[in-house]
Amino acid sequence: MTDVTGAPADVLHTLFHSDQGGHEQVVLCQDRPSGLKAVIAIHSTALGPALGGTRFYPYASEAEAVADALNLARGMSYKNAMAGLDHGGGKAVIIGDPDVIKSEELLLAYGRFVASLGGRYVTACDVGTYVADMDVVARECRWTTGRSPENGGAGDSSVLTAFGVYQGMRASAQHLWGDPSLRGRRVGIAGVGKVGHHLVRHLREEGAEVVITDVREDTVRRILAIHPDGGVTAVADTAALIRTEGLDIYAPCALGGALSDETVPVLTAKIVCGAANNQLSHPGVEKDLADRGILYAPDYVVNAGGVIQVADELHGFDFERCRAKAAKIFDTTLAIFARAKADGIPPAAAADRIAEQRMAEARRNR
């Protein structure tokens, strides 16, 4: 079923009527000469210009791409609010296989579309886009972060994203076991690419045992070669990882929807804390986790290190300043667990309440 514009009606219902909607603006972008098809979603500018990355992915349909942009943009509003940033939430998706269609012409065209929003949306890297891509986008758009140091940027934001997730894990361990140390703990990581491989390093440096999986076999081989001491092992896929006996922590670090009606019942880990966005496949999964006694560290709280970094780039980047801010994810995560216990709700709901309160206060003070 479609509406008069030809857009799937369920997408428009999400945008205008559902609790997952409420977005301020959605822009459909097309540049036929370069093959660009993109969606820019701005969820909120209550706290300031919307900030969020650009995902480049071969979606099965345009409707799927729009839905993902809406979900990701909404998540960025909550992430930026919980990180204490003066930014609202936005996200962009470029439709297509980046290994096939990504080109300088396409990225420049995309930059022009972002620039046309006049600063309401600030873009950065995400799945399928890299620092070098942002350098190209920035040639057409000054509202671009995540650029290379050579071009006035902060470089790879995955470094601090991983550091923030690591702090979230430590806070989760403190809350559940009374000790933030991860030494001797067994941690499963699904996705060891941009962020995951840095997370492996943090965990091994503390003495944790790590089990990994990734859809790219060459990525798995590279991580095993970097850590040849036996402290890192691999399993065939995510289905095997979440069923691994003796797993203390599960870290989804790839695409969203990792926590679902199918996966939650078979999880062996007592903590879920990972870098992926939108890990809960639908509302209600957070309660299923709580009912099973699994502590969930809300994704948009613990993976905020990267956005902290790219936001700082807009004001003159200082790595140590950003690292100090990202280290506070430990305290923020503990505060969410305390709020959840006090209110008798899952941590994901507690984080939402805190973020919504900050955004509501900002709207009232406009």
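Shown above is the structure to which this text applies.
Thresholds applied
Residues numbered from 1 in each chain as written. Predicted model: local features only at pLDDT ≥ 70, side-chain atom pairs only at ≥ 80, totals over all residues. Heavy atoms only, no water. Axes fitted to C-alpha atoms, helices over the stretch in contact; angles between N-to-C directions. Helix = DSSP H or I, 4+ residues; strand = E, 2+ residues; numbered from the N terminus. Parallel < 35°, antiparallel > 145°, perpendicular 65-115°, else oblique. Left-handed = near helix turned anticlockwise from the far one by under 90°. Contact = heavy atoms within 4.5 Å. Pairing = 2+ DSSP bridges. Salt bridge = Lys/Arg side-chain N within 4 Å of Asp/Glu carboxyl O. Buried < 20%, exposed > 50% of the residue type's maximum accessible area, 1.4 Å probe, protein only. Polar contact = N/O pair within 3.5 Å; in protein donor to acceptor, adjacent residues only side chain to side chain. Core = buried A, V, L, I, M, F, W, Y, C linked by side-chain atoms within 4.5 Å. Disulfide = S-S within 2.5 Å.

1. As for the packing of helix H6 (residues 158–177) against helix H14 (residues 329–343)
Here is step 1 of the chain: Their axes nearest at 8 Å, the elements H6 and H14 cross at an angle of 40 degrees. It follows that H6 is oblique to H14 by the angle criterion. Judged by the twist between their axes, the crossing of H6 over H14 is right-handed. Each of Gly164, Gln167, Gly168, Arg170, Ala171, Ser172, Gln174 and His175 in H6 lies in contact with H14, whose residues at this interface are Ile329, Phe330, Thr333, Leu334 and Phe337.

2. Points about the sheet that holds strand S7 (residues 186–190)
Here is step 1 of the chain: If you walk across this open sheet you meet the 6 strands as S9-S8-S7-S10-S11-S12, and the pairing is parallel. The open sheet is flanked by strand S9 (232–234) and strand S12 (295–296), the only strands paired with a single partner.
Here is step 2 of the chain: The strands that helix H8 (residues 217–226) touches are strand S8 (209–213) and S9; relative to S9, the one it contacts most, it runs at about 155 degrees.

3. Let's talk about the pattern of salt bridges
Here is step 1 of the chain: All told, the structure shown has 21 salt bridges when counted by the stated rule.
Here is step 2 of the chain: A salt bridge links Arg204 to Asp229; its shortest N-O distance comes to 2.7 Å. Taken as a pair, Arg204 in helix H7 (residues 196–206) and Asp229 in the loop between H8 and S9 lie far apart in primary sequence, 25 residues in all.
Here is step 3 of the chain: Relative accessible area serves as the criterion here: at 55%, Asp229 is assigned to the exposed category.
Here is step 4 of the chain: Linked by salt bridges that have partners in common, Arg55, Asp68, Lys91 and Asp126 make up one network.

4. Describing the side chain of His43
Here is step 1 of the chain: Within the secondary structure layout, His43 lies in strand S2 (residues 36–44).
Here is step 2 of the chain: For His43, a relative accessible area of 8% corresponds to the buried category.
Here is step 3 of the chain: Engagement of the side chain of His43 in a polar contact is seen with the side chain of Ser77, the distance being 2.7 Å.

5. Section: the environment of Asp291
Here is step 1 of the chain: Along the chain, the position of Asp291 falls in helix H10 (residues 285–291).
Here is step 2 of the chain: Residues Asp291 and Glu361, spaced 70 residues apart in sequence, show a C-alpha to C-alpha distance of 32 Å.

6. Considerations on the pairing of strand S1 (residues 25–31)
Here is step 1 of the chain: Looking at chain direction, S1 and S2 are connected through 7 bridges and run antiparallel. Across the sheet, the residue bridging to Leu28 is Val39, located in S2.
Here is step 2 of the chain: The hairpin formed by S1 and S2 contains 4 residues between the paired strands, and Gly35 there has a positive phi angle of roughly 85 degrees.

7. Describing the packing of helix H12 (residues 305–313) against helix H13 (residues 319–327)
Here is step 1 of the chain: As a packed pair, H12 and H13 sit with axes 9 Å apart at the nearest point and diverge in direction by 145 degrees. Considering how the two elements wind past one another, H12 and H13 form a crossing that is right-handed. For the pair formed by H12 and H13, the contact residues are Gly305, Ile308, Gln309 and Asp312 on the first element and Arg321, Cys322, Lys325 and Ala326 on the second.

8. Considerations on the nonpolar core
Here is step 1 of the chain: Counting residues in each nonpolar core, the largest one holds 66 residues, and the members touching the most others are Tyr110, Tyr121, Met169, Ile189, Leu199 and Leu203.
Here is step 2 of the chain: The contact partners of Ile189, leaving out residues within four places of it in the chain, are Gly196, Leu199, Val200, Leu203, Val210, Val211, Ile212, Thr213, Leu241, Ala251 and Cys253.
Here is step 3 of the chain: Among the nonpolar cores identified, the runner-up in size contains 17 residues, and Val272, Leu289, Tyr296 and Ala348 belong to it.

9. Description of the state of the cysteines
Here is step 1 of the chain: A complete count under the given rule lists 0 disulfides for this structure.
Here is step 2 of the chain: There is no disulfide at Cys125, and the cysteine sulfur nearest it, in Cys141, is 13 Å away.
Here is step 3 of the chain: Judged by its relative accessible area of 19%, Cys125 is buried.
Here is step 4 of the chain: Free of any disulfide, Cys273 has its nearest cysteine sulfur in Cys253, 8.5 Å distant.
Here is step 5 of the chain: Cys273 sits in the buried class, given a relative accessible area of 0%.

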